[in-house]
Amino acid sequence: MNILVTGGAGFIGSHTVVELVAAGHKPIIIDDFSNSDKSVLTGLRNILGYDVDFVEGDCNDENFLNKVFTDFSIDGVIHFAAAKAVGESVKLPLKYYEMNVGSLITLIKVMEAQKVSKLVFSSSCTVYGEPDVVPVTEETPRKPANSPYGNTKTIGEDILRDSVISGGNFQFVALRYFNPVGAHESAEIGELPNGVPSNLVPYITQAAIGLRESLTIFGDDYDTADGTNIRDFIHVVDLAKAHVTAFEYLNSAPDNFYDVFNVGSGQGNSVLELVKTFEKVNDLKLNYSIGNRRDGDTVKIYGDVTKANKVLNWKTEKTLEDALRDAWRWECKLAKQK
């Protein structure tokens, strides 16, 4: 199938492109490089042996999207394109609502006009807020988001649900990610943040390679075993495969269909545990210190992924050790290119 991958030059998008090809599909990438780099296209070529179809543009541009759908005979969409930094979203909420909510509305309008029904949406575990009980299931109540970024994911899910309820003949799935980490084992693609990383693992790898003076762990006085926050870390390749599986699941879904799935490792690891594991698998010592708590950080969250295991027949194959080994290999590759 011809599958449009919006934000396909990004971290998760690029890995999903690789897995789509492995599954026999033809991905078409849209990206405006607002949060990615053109070098990713070279990395994809090195992995796949050819250039993936790519069009540079903005998903908020309805005329542009209509032309892409027509030119490439699009059969369905995996929608990643979005701004994603929690801290920035607090400072620039309108940017996040325009990019994340606006682009989804535009995309669904174009899908309706082009009679394309299938969409896999990039959602987030942020929709659960600070959960009362962990692990969270898909039935866990959503809570008010801690940031505009998180709220855009909640609103995005509501837009999908309401579009289906309206009888728009859509087949939609939202995947609620936990914390994607790692890189492709080839070290040709990986997480490539612009400026100072907002995610933990690229900050760790940059501190280890010497790009950052040290790593600060935000708080060690939380109600957890070692006092640091607990998260659910999933290898990005496993997450990418979940998108392919979810898209193929839609082939047998009825008309006017919507569902949500947690996609994570199914277990919680603390921030300190992650740091220690990184040191162990890569045989190095990190310069880190304990700082104050960071506003808006959830104490602990990890997912129950039973539904994805049973319904999508998907499960993780890679370990946290694999992810941290791959992330370091990717960082070392980047250092050699400079």
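Since the model is a prediction, treat every value here as computed from it, not as a measurement. (Residues numbered from 1 in each chain as written. Predicted model: local features only at pLDDT ≥ 70, side-chain atom pairs only at ≥ 80, totals over all residues. Heavy atoms only, no water.)

1. Some thoughts on the overall build of the chain
Link 1 in the chain: A tally of regular secondary structure across the chain gives 11 helices and 13 strands.
Link 2 in the chain: In terms of overall dimensions, the chain is globule-like: its C-alpha atoms have a radius of gyration of 19 Å, near the 20 Å expected for 338 residues.
Link 3 in the chain: With the C-alpha coordinates aligned to their principal axes, the bounding extent of the chain is approximately 55 × 45 × 40 Å.
Link 4 in the chain: Counting only residues that meet the buried cut, the chain has 53% of its 338 residues in that class.
Link 5 in the chain: For the chain, contacts bridging at least 24 residues in sequence account for 80% of all contacts bridging at least 6.
Link 6 in the chain: Summed over all atoms, the accessible surface of the chain reaches about 14,600 Å², with 47% contributed by carbon and sulfur. (Helix = DSSP H or I, 4+ residues; strand = E, 2+ residues; numbered from the N terminus. Rg over C-alpha atoms; globule rule 2.2 N^0.38 Å. Buried < 20%, exposed > 50% of the residue type's maximum accessible area, 1.4 Å probe, protein only. Contact = heavy atoms within 4.5 Å. Areas by Shrake-Rupley, 256 points an atom, 1.4 Å probe, with all protein chains shown as cover.)

2. Examining the packing of helix α7 (residues 200-209) against helix α11 (residues 320-337)
Link 1 in the chain: It is the contact of α7 with α11, at a shortest axis distance of 10 Å, that shows an interaxial angle of 55°. With respect to α11, the element α7 is oriented oblique. Here α7 runs over α11; the crossing is right-handed. Here V201, P202, T205, Q206, A208 and I209 of α7 come into contact with α11, specifically with L324, A327, W328, E331, C332 and A335.
Link 2 in the chain: Grouping the constituent residues of the contact of α7 with α11 by class yields nine nonpolar, two polar and one charged. (Axes fitted to C-alpha atoms, helices over the stretch in contact; angles between N-to-C directions. Parallel < 35°, antiparallel > 145°, perpendicular 65-115°, else oblique. Left-handed = near helix turned anticlockwise from the far one by under 90°. Nonpolar A, V, L, I, M, F, W, Y, C, P; charged D, E, K, R; others polar.)

3. What to know about the packing of helix α5 (residues 93-114) against helix α6 (residues 148-165)
For any two helices packed against each other, the geometry is given by the interaxial angle and the distance between the axes.
Link 1 in the chain: Viewed as axis vectors pointing N to C, α5 and α6 meet at an angle of 20°, and their least axial separation amounts to 9 Å. Taken as axis vectors, α5 and α6 run roughly parallel relative to one another. The two elements α5 and α6 cross, and the hand of that crossing is right-handed. Side by side, α5 and α6 meet where P93, Y96, Y97, N100, V101, L104, I105 and I108 of the first sit next to P148, Y149, N151, T152, I155, G156, I159, L160 and S163 of the second.
Link 2 in the chain: Considered class by class, the residues forming the contact of α5 with α6 number 12 nonpolar, five polar and no charged.

4. Let's talk about the sheet that holds strand β3 (residues 53-56)
Link 1 in the chain: Across the sheet, which stays open at both edges, the seven strands sit in the order β3-β2-β1-β4-β5-β6-β11 with parallel pairing between neighbours. Where the open sheet ends on each side, the last strands, each with one partner, are β3 and β11 (257-263). Ignoring strand direction, the axes of neighbouring strands in this sheet form an average angle of 20°.
Link 2 in the chain: Examined bridge by bridge, strand β6 (residues 171-177) and β11 share seven bridges and lie parallel to one another. Bridge pairing in β11 places F172 opposite Y258. (Pairing = 2+ DSSP bridges.)

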